[in-house]
Amino acid sequence: MLLMPLFVAIPLLGAFLNSLLGKISNRISDFIGNLVPAILVVLSFFSLFTLKSLNFTPIVYKMGGWVPPFGICFVLDGFSILMLITINIIALTATIFSIPYMEKYTDKWKYYTLFLLMLTAMNGAVLTGDMFNLFVWLEIGAISSYALVAFGTEQEELEASFKYAIMSSSASLFILIGIAFLYSYTSTLNMADIGKILLEKPNSTLVGFVSVLFLLGFGLKSALVPFHSWLPDAHPSAPAPISAMLSGVLIKSLGIYALVRVFFNILGVTNTLLNIFVILGIISMVFGGLLALYQKDLKRLLAYSTISQVGYIIFSFGLGTSFGIFAGLFHLINHAVAKALLFLNSGSLVYSTGERDLEKLGGLKEKMQVTAATSLLGSMSVSGVPPLGGFWSKLLIIISALNAKHFLGATIAILMSIITLAYYLKLQKMTFFGILRQQWLNLKEAPILMCISMIFLAGLCLFLGLILLPGVKDVFLEPATKAIENGVEYSRIIFENIP
Amino acid sequence: MIEYLLCLILFSVGLYCILIKRNLIKIIIGLGIMEYAVNLFFILLGYRSGGQFPILSKDVFAQFIRPDKSGNYIFVDPIPQALILTAIVIGLAVTCLLVAIALRIYEKYGSYDIEDLNKLKG
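Cut-offs and rules
Residues numbered from 1 in each chain as written. Chains lettered and ligands numbered in written order. Predicted model: local features only at pLDDT ≥ 70, side-chain atom pairs only at ≥ 80, totals over all residues. Heavy atoms only, no water. Helix = DSSP H or I, 4+ residues; strand = E, 2+ residues; numbered from the N terminus. Rg over C-alpha atoms; globule rule 2.2 N^0.38 Å. Buried < 20%, exposed > 50% of the residue type's maximum accessible area, 1.4 Å probe, protein only. Lys, Arg positive; Asp, Glu negative; His and termini not counted. Charge placed at Lys NZ, Arg CZ, Asp CG, Glu CD. Contact = heavy atoms within 4.5 Å. Areas by Shrake-Rupley, 256 points an atom, 1.4 Å probe, with all protein chains shown as cover. Buried area = accessible area lost by both parts, 1.4 Å probe. Salt bridge = Lys/Arg side-chain N within 4 Å of Asp/Glu carboxyl O. Nonpolar A, V, L, I, M, F, W, Y, C, P; charged D, E, K, R; others polar. Patch = residues over 30% accessible without salt bridge, like charges linked within 9 Å, V, L, I, M, F, W, Y side chains within 5 Å. Axes fitted to C-alpha atoms, helices over the stretch in contact; angles between N-to-C directions. Parallel < 35°, antiparallel > 145°, perpendicular 65-115°, else oblique. Left-handed = near helix turned anticlockwise from the far one by under 90°. Polar contact = N/O pair within 3.5 Å; in protein donor to acceptor, adjacent residues only side chain to side chain. Phe/Tyr/Trp six-rings, centres within 6.5 Å; stacked < 30°, edge-to-face > 60°. Expected span 1.5 Å × (residues − 1). Pairing = 2+ DSSP bridges.

A.B. asks: Help me understand the overall build of chain B, please; the structure alone is not making it clear to me.
C.D. replies: On a plain count of helices and strands, chain B comes out with four helices and zero strands. Helices and strands in chain B line up, N terminus first, as α-α-α-α. For 122 residues, the compact-globule estimate of 2.2 N^0.38 gives 14 Å, and chain B exceeds it by more than 25% at 21 Å. A principal-axis box enclosing the C-alpha atoms of chain B has dimensions of 65 × 30 × 20 Å. Every one of the 122 residues in chain B was classed for burial, and the buried ones make up 34%. In chain B, 11 side chains carry a positive charge and 9 a negative one; their mean positions are 3 Å apart.

A.B. asks: Help me out: how do you make sense of the overall build of chain A in this one?
C.D. replies: Helices and strands together make up the secondary structure of chain A, namely 20 helices and two strands. Dimensions of chain A, computed from C-alpha atoms along their principal axes, come out at roughly 70 × 55 × 45 Å. Looking at the 499 residues of chain A, the share that counts as buried comes to 65%. Long-range pairs, those at least 24 residues apart, make up 82% of the contacts in chain A between residues at least 6 apart in sequence. Taken as a whole, chain A presents about 16,400 Å² of accessible surface, with 69% of it coming from carbon and sulfur. On chain A, the mean spot of the 30 positive side-chain charges and the mean spot of the 24 negative ones are 4 Å from each other.

A.B. asks: Honestly, the side chain of Ser393(A) in this entry has me stumped. Any pointers?
C.D. replies: Here Ser393(A) lies in helix α15 (residues 389-403). Once you skip the residues sitting within four places of it in the chain, Ser393(A) turns out to touch Phe330(A), His331(A) and Asn334(A).

A.B. asks: Whenever I open this one, the interface of chain A and chain B confuses me. Can you help?
C.D. replies: Note on interface size: it is often stated as the accessible area lost on association of the parts. Contacts between the two partners involve 35 residues from chain A, matched on the other side by 36 residues from chain B. Three residues stand out in chain A for area buried against chain B, namely Gln155(A), Glu159(A) and Phe162(A), and they jointly supply 22% of the buried area on that side. Seen at the junction of chain A and chain B, the total is zero salt bridges. Per-element tally for the side of chain A that touches chain B: the top contributor is helix α6 (residues 155-186) of chain A, with 21 residues. Taken together, the residues of the side of chain A that touches chain B sort by class into 21 nonpolar, seven polar and seven charged.

A.B. asks: Just to check I follow, could you spell out a nonpolar patch on the surface for this structure?
C.D. replies: Side chains of Leu13(A), Phe16(A), Leu17(A), Leu20(A), Leu21(A) and Ile24(A) sit close together on the surface and give an oily, nonpolar patch of about 580 Å² of accessible area. With respect to the helices and strands, the residue Leu20(A) is situated in helix α1 (residues 6-21).

A.B. asks: Can you help me understand the packing of helix α4 (residues 108-127) of chain A against helix α5 (residues 131-149) of chain A in this one?
C.D. replies: When two helices pack together, their arrangement is given by the angle between the helix axes and by the axis-to-axis distance. Residues and elements named next belong to chain A. Look at α4 against α5: their axes get within 8 Å of each other, and the N-to-C directions meet at 155 degrees. As judged from the angle between their axes, α4 and α5 are roughly antiparallel. Along this stretch, α4 crosses α5, giving a crossing that reads as left-handed. Between α4 and α5, the contacting residues are Tyr111, Leu114, Phe115, Leu117, Met118, Thr120, Ala121, Gly124 and Ala125 on the first element and Leu134, Trp137, Ile140, Gly141, Ser144, Ser145, Ala147 and Leu148 on the second. Class assignment for the residues of the contact of α4 with α5 results in twelve nonpolar, five polar and no charged.

A.B. asks: When you look at the environment of Lys252(A) in this model, what are you seeing that I'm missing?
C.D. replies: All names here are of chain A. When you line up the elements, Lys252 lands in helix α10 (residues 240-267). We classify Lys252 as buried; its relative accessible area is 1%. When the C-alpha atoms of Lys252 and Ala336 are compared, they prove to be 8.2 Å apart, with 84 residues separating the residues in sequence. When neighbours within four sequence positions are excluded, Lys252 is seen to be in contact with Met83, Ser247, Tyr257, Ile313, Leu332, His335 and Ala336. Among the polar contacts listed, one links the side chain of Lys252 to the backbone oxygen of Ser247, at a separation of 3.1 Å.

A.B. asks: What should I look at first to understand the environment of Tyr101(A) in this one?
C.D. replies: Residues and elements named next belong to chain A. By the secondary structure assignment, Tyr101 is in helix α3 (residues 78-101). When its relative accessible area of 3% is taken as the criterion, Tyr101 is described as buried. When the C-alpha positions of Tyr101 and Tyr351 are compared, they lie 6.9 Å apart, and in sequence the two are 250 residues distant.

A.B. asks: Just checking my understanding: could you explain the packing of aromatic side chains for this structure?
C.D. replies: What describes a pair of aromatic rings is the distance from one ring centre to the other and the angle between the planes of the rings. All names here are of chain A. Overall, the coordinates contain 22 aromatic pairs over all chains when judged by the stated rule. Aromatic pair Tyr164 and Trp230: ring centres 4.7 Å apart, planes at 15 degrees, arrangement stacked. Of this pair, Tyr164 sits in helix α6 while Trp230 is found in the loop between α8 (204-221) and α9 (231-237), placing the two residues 66 residues apart along the sequence. Classification of Trp230 by relative accessible area gives buried; the value is 2%. On the basis of an interplanar angle of 85 degrees and a centroid distance of 5.1 Å, the ring pair of Phe181 and Phe209 is categorised as edge-to-face.

A.B. asks: Would you mind going over the side chain of Ser29(A) with me for this structure?
C.D. replies: All names here are of chain A. Topologically, Ser29 is positioned in helix α2 (residues 26-53). A distance of 3.0 Å separates the side chain of Ser29 from the backbone oxygen of Asn26, its partner in a polar contact. If we ignore the near neighbours within four places in the chain, the residues touching Ser29 are Asn18, Gly22, Lys108, Trp109 and Tyr112.

A.B. asks: Would you mind showing me how to read α5(A) here?
C.D. replies: Given 3.6 residues per turn, any residue in an α-helix points the same way as the ones three and four places further on. Over its 19 residues, α5(A) runs 27 Å from end to end, which matches the ideal 27 Å to within 8%, given 1.5 Å per residue. Structurally, the start of α5(A) carries an N-cap: the backbone nitrogen of Phe132(A) is 3.1 Å from a side-chain oxygen of Asp130(A).

A.B. asks: Is there a simple way to explain the pattern of salt bridges in this structure?
C.D. replies: Side-chain pairs of opposite charge can arise where the charged atoms are in close proximity. Residue and element names in this part refer to chain A. As enumerated under the stated definition, the model contains 14 salt bridges over all chains in all. Here Lys108 and Asp30 are joined by a salt bridge, their closest N and O atoms 2.8 Å apart. Here Lys108 is found in helix α4, whereas its partner Asp30 is found in helix α2, with 78 residues between them in sequence. Each of the two residues, Lys108 as well as Asp30, counts as buried. Here Lys110 and Asp107 are joined by a salt bridge, their closest N and O atoms 3.2 Å apart. Residue classification places Lys110 among the partly exposed residues on the basis of a relative accessible area of 37%.

A.B. asks: What is the right way to look at unusual backbone geometry in this model?
C.D. replies: Excluding glycine, most residues fall at negative phi; most peptide bonds, likewise, are trans. Residues and elements named next belong to chain A. Of note, the bond from Pro68 into Pro69 is cis; its omega dihedral lies within 30 degrees of zero at 10 degrees. Within the fold, Pro69 resides in the loop between β1 (59-62) and β2 (73-76). Along the chain, Pro386 connects to Pro387 via a cis peptide bond; the corresponding omega equals 5 degrees. Tracing the backbone through its elements, the reader meets Pro387 in the loop between α14 (369-383) and α15. With a phi angle near 55 degrees, Ser187 is a residue other than glycine that sits in the positive phi range. Judged by relative accessible area, which is 53%, Ser187 ranks as exposed. Positive phi outside glycine occurs at Ala223, with the angle close to 60 degrees. Position of Ala223 relative to the elements: it lies in the loop between α8 and α9.

A.B. asks: Would you mind going over the pairing of β2(A) with me for this structure?
C.D. replies: Side-chain positions along a regular strand alternate between the two faces of the sheet. Residue and element names in this part refer to chain A. Neither face of β2 is open: one carries Cys73 and Val75, the other Phe74 and Leu76, and all of them are buried. The sheet contact formed by β1 and β2 spans four bridges and is antiparallel. By the bridge assignment for β2, Ile59 is matched with Leu76.

Structure (C-alpha cells):
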C-alpha cells in the first residue's frame with residue numbers, strides 16, 4: 001500500500017515547512033501544526049479500512065523498491081494500526097490544545113517543529129520493519145522530546161531535560177549494542193529475517209544476552225520501575241500538551257510497542273522472560289502507586305500514576321495468554337486517552353491559575369466547570385470506575401490474571417486499583433472540591449479550543465468501553481492481539497506477504 | 001578478541017564517568033566515550049583482517065581488488081560502516097543538545113556541579 005510512507009513524510013514535511021514559514025506568523029504555524037495530525041488521523045482510519053478489507057494480513061511496503069531482507073521495509077499489521085490511530089488522535093487533541101496554551105511561550109514555530117518531528121518518530125517506530133531503522137526513530141523521538149521537555153528553559157525544565165537526556169541516551173546505546181550482537185549473528189537487520197534465522201539456528205546464549213540489553217534499553221524508555229527515575233521529573237516539567245504526548249503515547253510507542261514487538265515477534269518469548277515482565281510489572285504498579293499517594297504537585301502525581309499504569313500493561317502482557325495480551329492492549333489505549341486528558345486538565349489549571357501545588361488549589365469546581373467535569377471523568381477512568389473505559393480494561397486484566405492462575409498478581413492489581421482511586425480522589429478533592437480561596441475568585445475557564453480538546457478526550461474516555469462490543473472488537477483489538485500472539489510466526493507471515 | 005575487550009573497557013570508562021562524575025561537562029564527555037565504544041564495537045564486527053573494500057563493479061574489481069595468498073577474496077562488511085555513520089550523526093545531535101542545555105543550566109544556576117542542581121526531587 002502506497003499510503004504508508006505518508007505517515008512519516010507528511011509530519012516531516014510539516015516540520016520543514018513550519019521551520020521555514022512559521023516565523024512569519026503564529027497563525028501559520030498553528031495552521032500547519034494542526035493540519036498535519038488531522039490529515040494523519042484521516043489517513044490512519046483509511047489504512048484501517050484498507051487493512052480490514054485484506055482481512056488483516058500484514059501489508060509490506062518496500063522502501064525504494066528494495067525487496068526485504070535487503071533495504072528498509074514498512075510493515076502495517078493489526079498492532080501497528082492500533083498504535084497509529086491512538087498516536088495520531090492524541091496528537092491532534094494536543095495540537096488543538098496548544099493553540100491557546102502555547103501563546104505565552106516565545107517561538108511557537110519551534111515548538112510545532114519539534115512536535116511534528118516527535119510525531120514523525122512515533123509513526124515511524126510503529127511502522128518500521130527494520131531493526132536499525134527502529135533505533136533511528138527511537139533516537140529522533142528521544143532528541144525532540146529532550147528539547148521539548150526543556151522548552152520553558154527555567155531551572156526545573158533544564159534540570160529534568162538533562163537528566164532525561166543522559167538516561168535515555170544511555171538506554172539507546174544499550175539497544176544499539178543489542179542490535180550489534182544480533183547483526184553479528186544473523187548478518188541482517190530486517191526484523192522478519194532476524195526472526196527467521198533465529199528460528200533456523202537457535203542460539204539461546206546470544207538471545208539471552210541480547211534480551212537483557214533490550215530489556216534494559218526499552219525498559220528505561222517505557223519507565224519500568226528500576227529504570228523509572230527520569231519520568232517523574234521529565235513529564236511534569238514539559239508544557240502540558242507535551243506532557244500529554246509523552247505520558248500518553250511516547251512511552252507507549254517507543255517503549256512498550258518496541259518492547260513487545262521485539263520480544264514477542266522477533267526474539268520469541270520464554271517463560272523466564274514472561275516472569276520478568278510480570279515481576280517488573282508488579283513492582284512498577286506498587287512503586288508508582290504508593291509514591292503517587294505522597295505527591296503534593298499535581299503533575300508529579302500524574303507522572304507517578306503513569307508508572308503505575310504502565311506496570312499494569314506490562315504485567316498483563318507478561319501473563320502471556322491471549323486474553324492477557326488483549327487486556328493489556330485495551331488498557332494501553334484507555335490509559336493513553338485518560339492520561340492525555342488529565343495532563344491537558346493540569347495544563348488548563350496552570351493556564352488559569354499558574355499554580356501546580358495541590359495545597360494551594362481548591363474549590364475550583366464552580367469556576368472551571370469544563371475542566372472539573374472532564375478531569376473527574378479522566379480520573380475515574382484511570383482508577384477504574386464503571387462504566388468508563390478504564391474499568392473494563394482493569395477488570396479484564398484481573399480476570400486474565402486469575403485465568404492464568406496468577407493469584408498474587410491479581411490480588412496486587414486489585415489492591416493497587418484501590419490505591420489508584422485513593423490518589424485520584426485526593427487530586428479531585430484538593431483541586432476541584434472544598435473551599436474556594438480568596439485569590440481564585442476572579443478565575444476564568446480556559447479558552448474554548450482547550451475545552452474542545454478536553455471534552456473530546458473525555459467523550460472518548462466515556463465511550464471507550466464500547467470498543468469491547470463484538471463488531472468493534474474485531475476491528476481494533478482482536479487483530480492486534482493476534483499479531484502479537486502469532487509470536488515468531490511473524491517472520492513467516494511477513495515473507496509470505498511481500499508483494 | 002582483545003579488541004572487543006578493549007571496547008568493553010572503553011564502554012565501562014564512559015559508564016563510570018556518567019555514574020560517578022559530578023561535573024555536567026564530564027558527564028557529557030562520558031556519554032561521548034560510551035558512544036564511541038559502541039560505534040567501534042559495531043565497526044569491528046564488520047572488519048575482516050586483510051579485507052578489501054567491497055566494490056564489485058568490473059573496472060574497479062580488475063584494477064584494485066587482489067586475492068590474498070591462498071587465492072581467496074576477502075571483503076569487509078560495508079553495512080556496519082553505513083550504520084555507524086548514522087549513529088555518529090545521531091550522537092552529534094545528542095551532544096550538541098546536551099551542551100546547549102548545560103550552558104543554559106550554567107546561566108541559571110551558576111554552576112556545572114550536579115549537586116547544585118536540586119530543584120527536583122527525582
